[in-house]
Amino acid sequence: NNNVTDSNYSLVSGIDNYELNGSENASFGKNNTSSDSTYSMTFGTQNINNNATGSASMGSSNKVTNSQNSLIYGSNSHIKDSNTSIAFGHKQDISDNTINSFVTGYGNKDYDGRQNVLFGMEQTVNDCSNTNVGGTSNIINTTRDSTIFGKTNVINNVIRTSILGESNTVQDSTKDTTVSGRLNDISGADTNIVFGTSNSVTNGLNTMVLGKSNKSLNGSQNAIIGESNNVVNPTNSMALGNSNIIGNSIAVLVSGNNNVISNNTNNSLVSGQQNDENIGINNAVFGKSNIGKNNSTSLTSGTSNDISGCVNNLSVGLSNILRDTNQAITFGSSNNVNTNTLNTITSGNSNTTKTVSNSVIVGSTNSTDTITDSSVMGLTNNVKTSNISFVFGKENKVENVERSVVVGITNDVCGNTINSFVSGLSNKLNDTYNSGAIGSENTIKNTSNSSIALGKLNVVDSVNHGIAMGYKASVTGDTRLALGSEEVNGNIFTINKHGDLFIGRHIYSDDVEE
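The residue numbers shown here count from 1 along each chain, following its written sequence. Totals for whole chains, interfaces and linings use every residue, but because this is a predicted model, local features are given only for residues with pLDDT of at least 70 and side-chain atom pairs only at 80 or more, for both listing and counting. Note that water and hydrogens are dropped before the side-chain values are worked out from all heavy atoms of the structure.

Caption draft 1: Structural detail: the overall build of the protein. Secondary structure is summarised from DSSP: a helix means a run of H or I of at least four residues, a strand means a run of E of at least two, and numbering begins at the N terminus for each. Scanning the protein from N- to C-terminus turns up zero helices and 69 strands. Counting only C-alpha atoms and orienting by the principal axes, one finds that the protein spans roughly 175 × 25 × 25 Å. For the protein, with 514 residues in total, the buried portion stands at 39%. By sequence separation, contacts in the protein at least 24 residues apart represent 0% of the contacts at least 6 residues apart. Total accessible area on the protein is roughly 22000 Å²; 51% of this is exposed by carbon and sulfur atoms. Between buried and exposed lies partly exposed: a residue is buried under 20% and exposed over 50% of the maximum accessible area for its type, with that area taken using a 1.4 Å probe on protein chains only. Residue contacts follow a heavy-atom distance rule, with two residues in contact if any of their heavy atoms lie within 4.5 Å. Where accessible areas are quoted, they stem from the Shrake-Rupley method and a 1.4 Å probe; at the residue level, only the protein chains shown are allowed to cover.

Listed below in structure tokens is the structure:
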């Protein structure tokens, strides 16, 4: 009981097929319908061709409407208002001026597409061209020249991009980019590579991201490898490791964990854990919990060092603090080097170096302030306002001294002392030049120039060219040479400025008179 009405040159074969106002069509099967169609074919059961030209519906319950040169093979599929397209499978939907597309699988939709290929199940493709989509439940909008394979990916406004994986989101004019993995979010990217899980790239140019939960914002020519790295406004930079941050920097490399590079840091390297590099240029930082701010051409290695305002510095150790230094080298722990220190080496523990130039500080708990061309070595020495001097020992106090040497323990040299030498214990020189004290508790003071104190508790006071030797020898007033003895607790021999000689008791001779 086939029904053919107002048709020409058509062939109908089967049961209950219907042809209306057609020309040169063919129907085979059962309950097929063809209306206002030419050069078309239905084959199977309950297929419908409506205003179709050069098209074919093959299978069951398929429909071709207002389309040309199209083919359906399968069931419950629909091609509408489209040309030169092919649908294989079940519940396919090709419509809205789609041209030259191929769809196979289950439940796929291609709207307003051109030269697309869809594989898999429940893909939705809208306003796309030259795009390949495979997998399950991908949603593709306004995309050109791209390939998408996987599951539940969402793609909007993308050009020349490849996406492979699950639940990735790629959008906002992203182009020439490759994405592979799961839950990645890409927006406005240009020529990027993103591999991994839960990575985010926004407005990236020529950037590579590998790993998990990394973030890149407004960067160009960067590489991010690892987990939970956060990179904002970088250029020509690389982050390797976990939870590192790069912000507003150029040509930096960070590796390790929880490091921060920020605020226009350029050409720097940070490696380790919990380091913070801020406003740096041409620096290198290695270790843990180091802080660098506004430094240039400096190297820091160790733990918990705090470096700020430094140029051409080297700091190695633990908990060192450097402020406003140039060409300084610091080794050890808990050293504090600051206030325009220049060309100086500080090594040891808990030394304080302030406004020091061209000097070497070695030991522990030494304090130096405003010295040049000097060396301080030992423990708890305190040196201030001194030049071209050498201090070696423990708890020596040196202030306002030039071209002098102090060796020993608890010596006190101060008050414009120049060209002098001190060695021993608790000697004191004050306001003298060209003088020397050797021993213990000797004193040269009050402009006693070119004087010598040798022994213990000797004193030269207000005398030039004085010599005090022994024990409690006292050179003062007119005395120029004194020899003291512990047995008499003072002078036993003196010579005054006139050449007069004083002897404490007797003069003995070993000559025997005959």
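Anyway, onward from the coordinates.
Caption draft 2: Fine view of the side chain of Asn-427. Considering the arrangement of structural elements, one finds Asn-427 in the loop between strand 59 (421-425) and strand 60 (428-430). Given the relative accessible area of 0%, Asn-427 is considered buried. With residues up to four places along the chain from it excluded, the contact list for Asn-427 reads Thr-410, Asn-411, Asp-412, Val-422, Ala-437, Gly-439, Ser-440, Glu-441 and Asn-442.

Caption draft 3: Broad picture of unusual backbone geometry. With a phi close to 65°, Ser-173 is a non-glycine residue in the positive phi region. Topologically, Ser-173 is positioned in the loop between strand 23 (169-171) and strand 24 (174-175). The exposure class assigned to Ser-173 is partly exposed, which follows from its relative accessible area of 43%.

Caption draft 4: Expanded view of empty space enclosed by the protein. Cavities and pockets were defined on a 1 Å grid built from protein atoms only: a cavity is a group of points that admits a 1.4 Å probe but offers it no way out, a pocket is an open group of points flanked by protein on both sides within 12 Å along at least five of seven lines, and a lining residue is one with an atom within 4 Å of any such point. Grid points are joined across faces, edges and corners, and a volume is the space filled by probe spheres set on the points. Scanning the model with the defined rule gives one cavity of 30 Å³ or more in all. Taken as a whole, the largest cavity spans an internal volume of roughly 60 Å³. Contributing to the lining of the largest cavity are Glu-277, Asn-283, Ala-284, Val-285, Asn-290, Ile-291, Gly-292, Asn-295, Ser-298, Thr-300 and Ile-307. Elements with a contribution of two residues or more to the lining of the largest cavity: strand 39 (284-288) and strand 40 (291-293). Charged means Asp, Glu, Lys or Arg here, nonpolar means Ala, Val, Leu, Ile, Met, Phe, Trp, Tyr, Cys or Pro, and polar covers whatever is left, Gly included. Split by residue class, the lining of the largest cavity holds four nonpolar, six polar and one charged.

Caption draft 5: Here's a closer look at a nonpolar patch on the surface. Together, Phe-421, Ile-438, Ile-452, Leu-454, Ile-467, Met-469 and Leu-483 make up an exposed nonpolar region whose accessible area comes to about 520 Å². At the level of elements, strand 63 (452-456) and strand 65 (467-471) are the ones that each hand at least two residues to the nonpolar patch. Residue position: Met-469 is located in strand 65. Overall, Met-469 belongs to the partly exposed group, its relative accessible area being 30%. Surface patches are defined over residues having more than 30% relative accessible area and no salt bridge, joining like charges when they lie within 9 Å and nonpolar side chains (Val, Leu, Ile, Met, Phe, Trp, Tyr) when within 5 Å. Here a salt bridge means any side-chain nitrogen of Lys or Arg lying within 4 Å of a carboxyl oxygen belonging to Asp or Glu.

Caption draft 6: Quick look at the packing of aromatic side chains. Ring geometry is summarised as follows: Phe, Tyr and Trp rings, the Trp one being its six-membered ring, pair when their centres sit within 6.5 Å, and such pairs are stacked at plane angles under 30 degrees, edge-to-face over 60 and tilted between the two. Evaluation of the coordinates by the stated rule reveals five aromatic pairs. Their ring planes at 55° and their centres at 6.1 Å tell us that Phe-28 and Phe-43 sit as a pair that is tilted. Note that Phe-28 is positioned in strand 4 (residues 26-30) and Phe-43 in strand 6 (residues 41-45), a separation of 15 residues in sequence.

Caption draft 7: The arrangement of the nonpolar core in detail. What makes a nonpolar core is a set of buried Ala, Val, Leu, Ile, Met, Phe, Trp, Tyr and Cys residues whose side-chain atoms join them at distances within 4.5 Å. Ile-140, Ile-155, Val-170 and Ile-186 are the most contacted members of the largest nonpolar core, which has 32 residues in total. Residues in contact with Ile-155, not counting those within four places in the same chain, are Ile-139, Ile-140, Asn-141, Thr-143, Ile-148, Ile-163, Asn-168 and Val-170. By size, the runner-up hydrophobic cluster in this structure holds 21 residues, among which are Val-391, Val-401, Val-413 and Val-475.

Caption draft 8: Main features of the environment of Ala-87. For Ala-87, the location among the structural elements is in strand 12 (residues 86-90). Under the relative-accessibility criterion, Ala-87 is labelled buried at 1%. Ala-87 has contacts with Leu-71, Ile-72, Tyr-73, Ile-79, Gln-92, Ile-94 and Val-103, leaving out every residue within four places of it along the chain.

Caption draft 9: Quick peek at the pairing of strand 16 (residues 117-121). Taken together, the five bridges between strand 14 (residues 102-106) and strand 16 define a ladder with parallel strand orientation. Across the sheet, the residue bridging to Gly-105 is Gly-120, located in strand 16. By definition, two strands form a pair when at least two bridges between them are found by DSSP.

Caption draft 10: Spotlight on the pairing of strand 12. Bridge count for strand 10 (residues 71-75) against strand 12 is five bridges, and the pairing is parallel. Bridging from a neighbouring strand, Ser-75 pairs with His-90 of strand 12. Of the pairings in the sheet, the one linking strand 12 to strand 14 comprises five bridges and is parallel in character. Bridge pairing in strand 14 links Ile-86 to Phe-102.

Caption draft 11: Quick peek at the environment of Thr-479. Position of Thr-479 relative to the elements: it lies in strand 67 (residues 479-485). In this structure Thr-479 comes out as buried when scored by relative accessible area, which is 17%. A sequence separation of 18 residues divides Thr-479 from Asp-461, and the C-alpha atoms of the two residues are 9.9 Å apart.

Caption draft 12: Representation of the pattern of salt bridges in the model. Throughout the structure, instances matching the rule amount to eight salt bridges. Between Arg-160 and Asp-176 there is a salt bridge whose closest N-O contact spans 2.7 Å. On the criterion of sequence distance, the pair formed by Arg-160 in the loop between strand 21 (154-159) and strand 22 (162-166) and Asp-176 in the loop between strand 24 and strand 25 (178-182) is long-range, its members being 16 residues apart. Given a relative accessible area of 42%, Arg-160 falls into the partly exposed group. Residue class for Asp-176 comes out partly exposed when judged on its relative accessible area of 29%. Between Asp-478 and Lys-497 there is a salt bridge, with its nearest N and O atoms 3.4 Å apart. One end of the pair, Asp-478, is in the loop between strand 66 (474-476) and strand 67; the other, Lys-497, is in the loop between strand 68 (490-496) and strand 69 (501-503), with 19 residues separating them in the sequence. The network of salt bridges with common partners includes Asp-112, Arg-114, Asp-127 and Arg-144.

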